[in-house]
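# Per-entry structural report
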Amino acid sequence: MAIEKIMVIGAGQMGTGIAQVCAQAGYLCVIHDITVEQVERGISSIEKNLLRQVSKGKLSEQEKATIVNRISASTNLEDSVECQLIIEAAVENMEVKKSIFRQLSELTKEGTILATNTSSLPITELASVTSCPEKVIGMHFMNPVPVMRLVEIIRGLATSVETYEAIKEITLKLGKVPVEVNDFPGFISNRILMPMINEAIFALYEGVATKEAIDEIMKLGMNHPMGPLTLADFIGLDTCLYIMETLHDGFGDDKYRPCPLLRKYVNAGWLGKKTGKGFYLYE
């Protein structure tokens, strides 16, 4: 099945970034979310990002208009019937994702690929609620999507070779680099990244150093572009906690135990940049 139209489920930061790169690559793209306001906010975010590229001379006004015209809004999952690829980028919660995939399994045409942007959850379990597990695959983009080149591609137990090859080809058309990994909790990116962030939070919790010192050491000493605590704020502390819980549950190893300070911040509603307060304050 030739892929011409893509639906992205979730109009948050990841979903809008994915929709933007799909539209820039020439695909028709439907952004879906629960409310009209959420979808409109997502499309507005894409327009702002593209306008920034115009101001830098990377896009013309006409090119920007063409890209935006490829994007349409949806609050009805039934619109997925028109699409050959669905990329789910909803909240990082297995039950929410399973509910979406059950509905997509019933609504979409035979041959439609169901991809998930999950950063840690098992693809095989997600595929198990569908009638087409061979068409389910992980397509984990990095944040910010328009800038970061990596896409982790994760096959579930039943994912077909044809599905993998189709997603690999699309990833290349999006200007990204596909890297295949196996279906284990956290895959590779978050299995390595999140314990590092969690350890940085433990260092702060134990009073080893200030947050500024921890971030500066990792930037200057390890050549990281962003310190781990700043990065945690950027990712979202609730997302960091959920991934650490997934790793802890998946492996049953206490080395993945979330730091109590991380849990305390999430319980306080201090989720990082998106709420204006995490380890740092944001306007």
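Residues numbered from 1 in each chain as written. Predicted model: local features only at pLDDT ≥ 70, side-chain atom pairs only at ≥ 80, totals over all residues. Heavy atoms only, no water.

## A few points about the overall build of the protein chain
- Counting its secondary structure elements, the protein chain contains 11 helices and 8 strands.
- Taking 19 Å as the expected radius of gyration for a compact globule of 283 residues, we find that the protein chain reaches 19 Å, a close match to that expectation.
- With the principal axes as the frame, the protein chain shows a C-alpha extent of 55 × 45 × 30 Å.
- Intrachain contacts of the protein chain at a sequence separation of at least 6 include 67% that bridge at least 24 residues.
- Carbon and sulfur atoms make up 53% of the accessible area of the protein chain, which amounts to about 13700 Å² in all.
- One way to put it: in the protein chain the 28 positive side-chain charges average out to a point 5 Å from where the 35 negative ones average out. (Helix = DSSP H or I, 4+ residues; strand = E, 2+ residues; numbered from the N terminus. Rg over C-alpha atoms; globule rule 2.2 N^0.38 Å. Contact = heavy atoms within 4.5 Å. Areas by Shrake-Rupley, 256 points an atom, 1.4 Å probe, with all protein chains shown as cover. Lys, Arg positive; Asp, Glu negative; His and termini not counted. Charge placed at Lys NZ, Arg CZ, Asp CG, Glu CD.)

## Section: the environment of Met-1
- Residue placement: Met-1 occurs in the segment before β1 (5-9).
- With a relative accessible area of 58%, Met-1 lands in the exposed category.
- Sequence-wise, Met-1 and Leu-85 are 84 residues apart; in three dimensions their C-alpha atoms are separated by 9.7 Å.
- Filtering out sequence-adjacent residues up to four positions away, Met-1 remains in contact with Gln-84, Glu-110, Gly-111 and Thr-112. (Buried < 20%, exposed > 50% of the residue type's maximum accessible area, 1.4 Å probe, protein only.)

## Things to note about the pattern of salt bridges
- Throughout the structure, instances matching the rule amount to 10 salt bridges.
- Measuring nitrogen to oxygen at the nearest pair gives 2.8 Å for the salt bridge that ties Lys-5 to Glu-82. Of the two residues, Lys-5 is situated in strand β1 and Glu-82 in the loop between β3 (71-74) and β4 (85-88); the sequence distance between them amounts to 77 residues.
- In this structure, Lys-173 and Glu-169 form a salt bridge, with 3.4 Å as the shortest nitrogen-oxygen distance. Of this pair, Lys-173 and Glu-169 both sit in helix α6 (residues 161-173), 4 residues apart, which is roughly one turn of that helix.
- Via salt bridges that share partners, Glu-88, Glu-92 and Lys-97 belong to a single interconnected network. (Salt bridge = Lys/Arg side-chain N within 4 Å of Asp/Glu carboxyl O.)

## Topic: the pairing of strand β8 (residues 177-181)
- Relative to β8, strand β7 (residues 150-155) is paired through 5 bridges, and the arrangement is parallel. If you follow Glu-152 over to β8, its bridge partner there is Val-179.
- Handedness of the crossover is the feature at issue here: the chain leaves β7, passes through α6, returns alongside β8, and the resulting connection is right-handed. (Pairing = 2+ DSSP bridges. Right-handed = clockwise from strand over helix to strand, strands pointing away.)

## Concerning the UniProt feature "binding site: NAD(+)" (unreviewed entry) in the protein chain
- The feature "binding site: NAD(+)" (unreviewed entry), as annotated in UniProt, sits at Gly-10, Ala-11, Gly-12, Gln-13, Met-14, Gly-15, Asp-33, Glu-92, Lys-97, Ser-119, Asn-143 and Lys-274 in this numbering.
- Mapped onto the elements of the fold, Lys-97 is located in helix α4 (residues 94-107).
- Those residues in contact with Lys-97, other than ones at most four positions away along the chain, are Glu-88, Ala-90, Val-91, Glu-92, Thr-116, Thr-118, Leu-121 and Leu-126.
- In terms of polar contacts, Lys-97 uses its side chain to reach the backbone carbonyl oxygen of Val-91, at 3.4 Å. (UniProt positions renumbered as here; feature names shortened; annotations may be inferred. Polar contact = N/O pair within 3.5 Å; in protein donor to acceptor, adjacent residues only side chain to side chain.)

## Description of the packing of helix α7 (residues 189-205) against helix α11 (residues 260-267)
- Relative to each other, α7 and α11 sit at 90°, their axes nearing to 8 Å. Considering the angle they form, α7 stands roughly perpendicular to α11. Here α7 contributes Asn-198, Ile-201, Phe-202, Leu-204 and Tyr-205 to the contact with α11, which in turn contributes Pro-260, Leu-261 and Leu-262.
- Taken together, the residues of the contact of α7 with α11 sort by class into 7 nonpolar, 1 polar and no charged. (Axes fitted to C-alpha atoms, helices over the stretch in contact; angles between N-to-C directions. Parallel < 35°, antiparallel > 145°, perpendicular 65-115°, else oblique. Nonpolar A, V, L, I, M, F, W, Y, C, P; charged D, E, K, R; others polar.)

## A few points about the layout of surface pockets
- In this structure, the second largest pocket spans a volume of roughly 210 Å³.
- In this structure, the second largest pocket is lined by 13 residues; those nearest its centre are Met-1, Ile-3, Ile-113, Ala-166 and Ile-170.
- Considering every element that reaches the lining of the second largest pocket, the biggest residue donor is α6, with 6 residues.
- For the lining of the second largest pocket, the residue count by class is 6 nonpolar, 3 polar and 4 charged. (1 Å grid on protein atoms, 1.4 Å probe; cavity = no way out; pocket = protein on both sides within 12 Å on 5 of 7 lines; lining within 4 Å. Points joined across faces, edges and corners; volume = space filled by probe spheres on them.)

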